[in-house]
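Take a look at the letters that make up each chain.
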2 protein chains.
Amino acid sequence: MNRKGILVVVSGFSGVGKGTLMKLLTERYGHYALSISATTRTPREGEVDGREYFFKSRDEFETLIAEDRLIEYAEYCGNYYGTPRDYVEDQMEQGRDVVLEIEIQGALKVKQKYPETLLLFVMPPDAETLASRLRGRGSETEDVIHSRLARAVQEAEGVEQYDYMIINDVLDESVEKLHYLIESQHYKINRNLDFIEQIRSEVRVFAKGE
Amino acid sequence: MNRKGILVVVSGFSGVGKGTLMKLLTERYGHYALSISATTRTPREGEVDGREYFFKSRDEFETLIAEDRLIEYAEYCGNYYGTPRDYVEDQMEQGRDVVLEIEIQGALKVKQKYPETLLLFVMPPDAETLASRLRGRGSETEDVIHSRLARAVQEAEGVEQYDYMIINDVLDESVEKLHYLIESQHYKINRNLDFIEQIRSEVRVFAKGE
């Protein structure tokens with residue numbers, strides 16, 4: 001069967017635990033690759049080029065844009081962030097399923113370029129859980145908490161164009177579900193028509209009496 | 001989330017092990033129901049009405065057809081076989097995922113009536129495995145074997161309209177894969193838009209400052 005890598009976008013409300021889910025996914029199963037973003041922002045203490053980010057100058061980044069070498073990009077707080085096409089395609093060619101954590105607007109751009117992309121949205125089990133995570137450790141002002149909550153409401157705009165949701169309730173089970181959801185996509189009929197046709201023609205040879 | 005039952009059709013080459021797969025699936029996980037067909041054929045020794053089949057007279061069966069109480073039906077060797085709508089819908093209402101084993105032409109009729117039906121096709125790992133299973137225990141004539149193989153080639157006509165395939169290689173793993181494939185469908189976004197909207201509006205209340 002066809003084991004070419006699948007492109008997976010994971011989105012979801014802030015504070016829902018996407019990062020932890022994806023970290024565990026790659027640690028537990030060997031064939032996933034997290035996409036590494038390119039950015040023009042300054043590296044922080046301890047960040048390594050090619051590990052946390054591909055660090056680029058503004059000129060370099062704009063060249064990437066001009067040469068269509070980013071799957072998607074956005075400007076945020078005066079810095080560019082984007083997903084390098086080469087890295088993603090190399091990993092997929094090597095049979096790795098590539099997981100991208102981006103918000104919905106970026107995800108829909110990716111889906112336009114790669115229609116087979118799997119779009120997943122991570123949900124909290126209930127609103128209280130999300131609110132208490134956004135509330136953090138009690139050090140934030142009520143204003144900060146309310147603006148986080150208001151932003152969370154907006155973060156689901158466009159979710160009806162996604163393929164699946166995952167409820168992040170029991171972390172261990174959520175990672176397994178995430179894995180099985182992605183794994184299932186390898187069994188889509190339209191990814192495996194060649195395999196099916198091959199078996200049929202081999203059976204045809206047997207039927208004609210070897 | 002939405003746990004209403006899903007309708008699943010399992011098809012595949014004769015001899016590929018569909019029956020065993022489905023038996024293990026229902027034994028291992030509690031929430032599956034195998035659909036029971038209605039038929040006009042005479043019960044065999046030991047067959048119980050409502051267990052192997054719903055046994056019907058020709059008149060009764062034709063009334064079922066006339067009243068649109070069958071999801072699909074076909075005539076085969078002078079007898080009717082069909083899938084009763086009531087049984088399937090009752091099971092789904094109770095939250096059971098209903099599994100139907102029928103061939104592709106029937107499956108496509110089911111999909112027309114229930115567009116959310118999941119269509120699965122079971123594949124052998126390779127042609128040799130299928131051929132040796134169809135060859136049976138060596139008691140059949142070469143003619144019988146060749147006609148079985150020729151029929152197998154036809155049995156995949158229309159498979160490109162299916163959703164997923166499953167390779168029945170290691171039985172234990174195939175059952176698990178089958179389960180996860182079906183389970184994944186409960187997480188489809190379009191089945192869960194109400195749940196997502198509910199969480200969003202609850203978060204909205206929190207954002208407005210409880």
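This section reports on the structure supplied with the text. In this text, all values refer to a predicted model and were calculated from it rather than measured experimentally.

At the interface, 48 residues of chain A touch 48 residues of chain B. Summing the contributions of chain A and of chain B, the shared interface buries around 4200 Å²; its carbon and sulfur component is 72%. Summed over the shared surface of chain A and chain B, the number is two salt bridges. Of the charged contacts, one joins Arg200 of chain B and Glu157 of chain A as a salt bridge, the two residues approaching to 3.0 Å between their closest N and O atoms. At the surface where chain A touches chain B, the tally comes to 15 residue pairs in polar contact (both at pLDDT 80 or more). Partitioned by chemical class, the residues of the side of chain A that touches chain B number 30 nonpolar, five polar and 13 charged.

Core analysis: the largest hydrophobic core is formed by 115 residues, its most contacted members being Leu120 and Tyr162 of chain A together with Leu120 and Tyr162 of chain B. Ignoring any residue separated from it by four or fewer positions in sequence, one finds Leu120 of chain B in contact with Val8, Val9, Val10, Ser11, Tyr162, Tyr164, Ile166, Leu178, Leu181 and Ile182 of chain B. Counting seven residues, the second-largest nonpolar core is a separate cluster that includes Ala38, Phe54, Phe61 and Tyr80 of chain B.

Any two side chains of opposite charge can pair, so long as their charged atoms come close to each other. Residue and element names in this part refer to chain A. Taken as a whole and assessed by the stated rule, the structure comprises 34 salt bridges over all chains. Glu27 is the salt-bridge partner of Lys23, the closest N and O atoms lying 3.1 Å from each other. With Lys23 and Glu27 both in helix α1 (residues 18-28) and four residues apart, the pair spans about one turn of that helix. Exposure class is identical for Lys23 and Glu27. Each is exposed. Several salt bridges share partner residues, and in doing so they unite Asp68, Arg85, Glu89 and Lys113 into one network.

Rules used in this analysis
Residues numbered from 1 in each chain as written. Chains lettered and ligands numbered in written order. Predicted model: local features only at pLDDT ≥ 70, side-chain atom pairs only at ≥ 80, totals over all residues. Heavy atoms only, no water. Contact = heavy atoms within 4.5 Å. Buried area = accessible area lost by both parts, 1.4 Å probe. Salt bridge = Lys/Arg side-chain N within 4 Å of Asp/Glu carboxyl O. Polar contact = N/O pair within 3.5 Å; in protein donor to acceptor, adjacent residues only side chain to side chain. Nonpolar A, V, L, I, M, F, W, Y, C, P; charged D, E, K, R; others polar. Core = buried A, V, L, I, M, F, W, Y, C linked by side-chain atoms within 4.5 Å. Buried < 20%, exposed > 50% of the residue type's maximum accessible area, 1.4 Å probe, protein only. Helix = DSSP H or I, 4+ residues; strand = E, 2+ residues; numbered from the N terminus.

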